[in-house]
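# Architecture at a glance
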Amino acid sequence: MNRSADPNDIAERGRALYAEKLRPLLEPKETGRYVVLNVETGEFEMGDDAVTPSEKMRQRFPGTLFYALRVGYPAMITRALHF
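As the structure is a computational prediction, the values presented were derived from the model and not from experiment. (Residues numbered from 1 in each chain as written. Predicted model: local features only at pLDDT ≥ 70, side-chain atom pairs only at ≥ 80, totals over all residues. Heavy atoms only, no water.)

Attention now goes to the confidence of the model for the protein. Here the protein averages 88 in pLDDT, and 84% of its residues register 70 or above. For the protein, strand 4 (residues 79-82) is the element with the lowest average pLDDT, namely 57, and strand 2 (residues 44-47) is the one with the highest, namely 98. (pLDDT = per-residue confidence, 0-100. Helix = DSSP H or I, 4+ residues; strand = E, 2+ residues; numbered from the N terminus.)

Have a look at this one:
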């Protein structure tokens, strides 16, 4: 379970983690794919749609809030997801 259940905190931490750790690894090669990120562990799943990585993360970390985004598209709606 996330130490903070505040979706705004999850989103802020997710944006920071993505910018610092994942953006250099994923852009531009993975542009357009979806990432669902556990902000506590830094672990993530990727997929060509948002559902597949969300389901994988839900199975790995039940009851956790996640940060989701589309690689290379800062305008995508990003949110903390709870499964």
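For the structure shown, the criterion picks out eight salt bridges. Here E27 makes a salt bridge to R23, at a shortest N to O gap of 3.5 Å. Judged by its relative accessible area of 27%, E27 is partly exposed. Taken together, the salt bridges that share partners define one network made up of D9, R13 and E40. (Salt bridge = Lys/Arg side-chain N within 4 Å of Asp/Glu carboxyl O. Buried < 20%, exposed > 50% of the residue type's maximum accessible area, 1.4 Å probe, protein only.)

This part takes up the packing of aromatic side chains. Any aromatic ring pair is given by two values, namely how distant the centres are and how the planes are angled relative to each other. Counted according to the given criterion, the structure contains one aromatic pair. A cation sits over an aromatic face here: R70 above Y73, 4.5 Å from the ring centre. (Phe/Tyr/Trp six-rings, centres within 6.5 Å; stacked < 30°, edge-to-face > 60°. Lys NZ or Arg CZ within 6 Å of the ring centre and 35° of its normal.)

Counting residues in hydrophobic clusters, the biggest one holds 14 residues, and the most contacted among them are Y18, L26, V35 and Y67. Among the elements of the structure, helix 1 (7-26), strand 1 (34-37) and strand 3 (65-70) are those that each provide at least two residues to this core. Ignoring anything within four residues of it in the chain, the contact list for V35 reads L26, F44, E45, M46, Y67, A68, L69 and V71. Core analysis: the next-biggest nonpolar cluster, separate from the first, contains five residues, V36, M57, F61 and A68 among them. (Core = buried A, V, L, I, M, F, W, Y, C linked by side-chain atoms within 4.5 Å. Contact = heavy atoms within 4.5 Å.)

What follows is about unusual backbone geometry. At the junction of E27 and P28, the peptide bond is cis and its omega measures out at 5° in the coordinates. With respect to the element layout, P28 can be found in the loop between helix 1 and strand 1.

Our focus in this paragraph is the pairing of strand 3. The element strand 3 is extensively covered by neighbouring structure, given that five of its six residues are classed as buried. Relative to strand 3, strand 1 is paired through four bridges, and the arrangement is antiparallel. Of the residues in strand 3, the one forming a bridge with V35 is L69. (Pairing = 2+ DSSP bridges.)

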